[in-house]
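# A closer look at the structure
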Amino acid sequence: MSATAETLDIRPARLIVAGYTGRDQDAVAAHIAELAAIGVPPPATVPAFYDLDPALLTPDAAVGVPSPDTSGEVEPVIIRHGGRHFLGVGSDHTDRELEKTDIAGSKAACPKPLGTTVVELPADLAEFDWDAVQVSSDVDGAPYQRGSLAALRTPAGVLARLAAALPDTDGDLVMFGGTLPLLAGRFVFGRAWNLRLELADGTVLGHAYETKNRNN
């Protein structure tokens, strides 16, 4: 991965997927209720943290998935490396059928696509204009998500909660920071995913990937 002219050799000890990171707690509760209506069990904590194998991370343009019933989403990705923090863009691709019975297993079943370009965050994470960041995702060429990271908890806030929930996560890590609502309010099991994250200064981080059923 690179930040401006720098090349980072990132081999994180931990991969964490954070879920239910919305700032509006009423909206989070409503989302949990929506998922429960389609069979997804509620999380044990809010935010929820899923500790996954870092080997799931991939920059590849094509990834294998276990079934047709999978979908991705755009997420800001916080990378902590050598005591510094970086921001990237990725997708918490998930097996939606398995999610109904085993959320952690549904996330572990799919690769976690991650763009190869990152930007360094200030040493004081509170100085970064998180609320001005715009993100979007398209699936098979159709708009899927649009919005601002103002809807999500800040990196400092999520990392603090992570440290309380999993005290041994103080080294190098990659953390997917949550996502925005779906424009149509339902999952789309598409093939081609396009992710975009734009900072206040116009810097754009993007990543595109396609899925292939590895069981075919």
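## What to know about unusual backbone geometry
The linkage connecting valine 46 with the following residue, proline 47, adopts the cis geometry, with an omega of -5°. Within the secondary structure, proline 47 is located in the loop between α1 (25–37) and β4 (48–52). Its identity as a non-glycine residue notwithstanding, tyrosine 20 has a phi of 55°, on the positive side. For tyrosine 20, the location among the structural elements is in the loop between β3 (14–19) and α1. In this model, aspartate 140 sits at a positive phi of 50°, which is unusual for a non-glycine residue.

## Points about α1
For α1, with 13 residues, the first-to-last C-alpha span of 18 Å sits near the 18 Å given by 1.5 Å per residue. Two residues or fewer past α1, glycine 39 is found with a positive phi of approximately 100°.

## Section: the nonpolar core
With 33 residues, the main nonpolar core has Leu87, Met175 and Leu197 as its most contacted residues. Sequence-distant contacts of leucine 87, defined by excluding residues within four places in its chain, comprise Pro76, Val77, Ile78, Thr117, Val118, Val119, Leu121, Phe128, Trp130, Leu197, Leu199 and Leu205. Listed in part, the 21 residues of the second largest apolar core include Leu15, Tyr20, Val28 and Val40.

## Focus on the pattern of salt bridges
This model, assessed by the stated rule, comprises twelve salt bridges. A salt bridge links glutamate 73 to arginine 96; the shortest N-O distance between them is 3.3 Å. Taken together, the positions of glutamate 73 in the loop between β7 (70–71) and β8 (74–81) and arginine 96 in helix α2 (residues 96–99) put the pair 23 residues apart, joining distant regions of the chain. Judged on exposure class, the residue glutamate 73 and its partner arginine 96 are both buried. Note that aspartate 138 is salt-bridged to arginine 146, the shortest N-O span being 2.8 Å. The class of aspartate 138 is partly exposed, set by a relative accessible area of 21%. A network of salt bridges, in which partner residues are shared, links Arg14, Asp51 and Asp168.

About the criteria used
- Residues numbered from 1 in each chain as written.
- Predicted model: local features only at pLDDT ≥ 70, side-chain atom pairs only at ≥ 80, totals over all residues.
- Heavy atoms only, no water.
- Helix = DSSP H or I, 4+ residues; strand = E, 2+ residues; numbered from the N terminus.
- Expected span 1.5 Å × (residues − 1).
- Core = buried A, V, L, I, M, F, W, Y, C linked by side-chain atoms within 4.5 Å.
- Buried < 20%, exposed > 50% of the residue type's maximum accessible area, 1.4 Å probe, protein only.
- Contact = heavy atoms within 4.5 Å.
- Salt bridge = Lys/Arg side-chain N within 4 Å of Asp/Glu carboxyl O.

Read these as layout, nothing more, since geometry by itself doesn't imply function.
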